[in-house]
Amino acid sequence: MKVVVIGGTGLIGSKVVTTLGEHGHEALAAAPNTGVNTLTGEGLADALAGAAVVIDVSNSPSWEDTAVMEFFETSTRNLLAAAATAGVSHYVALSVVGTERLPDSGYLRAKAAQEQLIENSSLPFSLVHATQFFEFIAGIADGATQGNTVRMAPVLFQPVAGDDVAQVVCRIAVAAPLNALVDVAGPERSRMDEFFRKILAAQDDPREVITDQHARYFGSELSERSLVPLGEAILGETRYADWHGRSRAYPVASSTT
Ligand SMILES: NC(=O)c1ccc[n+]([C@@H]2O[C@H](COP(=O)([O-])OP(=O)(O)OC[C@H]3O[C@@H](n4cnc5c(N)ncnc54)[C@H](OP(=O)(O)O)[C@@H]3O)[C@@H](O)[C@H]2O)c1
């Protein structure tokens, strides 16, 4: 089966391409550096010719409010039109748990717009909502850092390994379309402030984590359950400590002095 992976050179996309290939599928990594640009439409028709499934795990190069909205709206419109023309029978996209609950975030408003376009299209689809990737945790800490302090809200937090997300995306992509949303999260749930306090201390990171009910997460104040699945979810198997022990590529203490 031919599967086109939009953003197939990225963090999740490259894992998805590898996994699909290991299962005997023809997985095409589509991205600007392989000649496919969803914003301009360049290379899209050729890439999608003969494809049964499209998986969109692309991301916007800019997270500035206007730019990210332009990216997800224009790319998704182009992609949906090209997929319909090519006769694609399953359109899969990766989004973020809590997207619809955090409208103060420009990034998540853009992801919500992407989802709406997919839901309103005529194509059979599956939407996968994932919690924060382990690989993104260093960036979350850095984004919340001021001087030597990291402000975090005491809300529920349940990050997941990128590998586990990729496995779920592949399983869903080769099955029948859900025409619905499915949540994916990590195996452990804790509070965001406690999680960061523990991992920074474990890595001898000098930053102090301050619990702040009003600490913003990419522009949004958080409530108790903003970042975790509200109902049933598929849980990844990888625990953060095991992943971190194996991964030296993404140290949390990346930008402190
Ligand atoms: N970070 C998290 O914790 C998290 C949690 C839940 C869901 N997600 C979602 O997961 C998805 C994948 O994230 P990621 O971290 O794997 O992304 P990533 O590593 O930043 O990769 C982004 C991919 O998109 C491609 N791309 C950029 N502009 C493009 C364009 N105009 N046309 C086609 N492809 C383009 C990039 O190609 P080039 O390399 O050629 O630029 C790259 O392959 C995102 O949609 C994100 O919203 C993220």
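Residues numbered from 1 in each chain as written. Predicted model: local features only at pLDDT ≥ 70, side-chain atom pairs only at ≥ 80, totals over all residues. Heavy atoms only, no water.

In terms of regular secondary structure, the protein is built from eight helices and 14 strands. A compact globule built from 257 residues should have a C-alpha radius of gyration of about 18 Å, and the protein, at 18 Å, falls within 12% of that. Taken over the C-alpha atoms alone, the protein extends approximately 55 × 35 × 35 Å along its principal axes. With 257 residues in all, the protein has 49% of them scored as buried. When contacts within the protein are restricted to residue pairs at least 6 apart in sequence, those whose partners lie at least 24 apart make up 81%. Total accessible area computed for the protein in this model is approximately 11500 Å², and 51% of it derives from carbon and sulfur atoms. (Helix = DSSP H or I, 4+ residues; strand = E, 2+ residues; numbered from the N terminus. Rg over C-alpha atoms; globule rule 2.2 N^0.38 Å. Buried < 20%, exposed > 50% of the residue type's maximum accessible area, 1.4 Å probe, protein only. Contact = heavy atoms within 4.5 Å. Areas by Shrake-Rupley, 256 points an atom, 1.4 Å probe, with all protein chains shown as cover.)

Attention shifts here to the environment of arginine 101. Following the sequence through the fold, arginine 101 ends up in the loop between strand S4 (90-96) and helix H4 (106-119). In sequence terms arginine 101 and serine 223 are 122 residues apart; their C-alpha atoms lie 9.4 Å from each other. Other than its neighbours up to four places away in sequence, arginine 101 contacts Arg225, Ser226, Leu227, Val228 and Leu230. A polar atom in the side chain of arginine 101 sits 3.2 Å from the backbone oxygen of valine 228. (Polar contact = N/O pair within 3.5 Å; in protein donor to acceptor, adjacent residues only side chain to side chain.)

Right, let's get into helix H7 (residues 192-202). Along H7, the residues that are buried comprise Met192, Asp193, Phe195, Phe196, Ile199 and Leu200. Axial view of H7: buried residues confined to an arc of 160°, hence all on one face. Exposed and facing more than 90 degrees away from the buried side of H7 are Lys198, Ala201 and Ala202. (Arc of directions from axis to C-beta.)

For the rest of this paragraph, the subject is the sheet that holds strand S14 (residues 234-235). Judged by pairing direction, the sheet is parallel, and its seven strands sit side by side in the order S2-S1-S3-S4-S5-S9-S14 without closing on themselves. If you trace the sheet from one side to the other, it starts and ends with strand S2 (26-30) and S14, each paired once. Alignment of strand S9 (residues 181-185) against S14, held across two bridges, turns out to be parallel. Among the inter-strand pairings, alanine 185 is bridged to a residue of S14, identified as leucine 235. In the packing of helix H1 (residues 11-22) onto the sheet, the strands contacted are strand S1 (2-6), S2, strand S3 (53-56) and S4, and the crossing angle to S1 comes to about 170°. Of the strands in this sheet, S3, S4, strand S5 (125-130) and S9 are in contact with H4, which crosses S4 at around 160°. (Pairing = 2+ DSSP bridges. Axes fitted to C-alpha atoms, helices over the stretch in contact; angles between N-to-C directions.)

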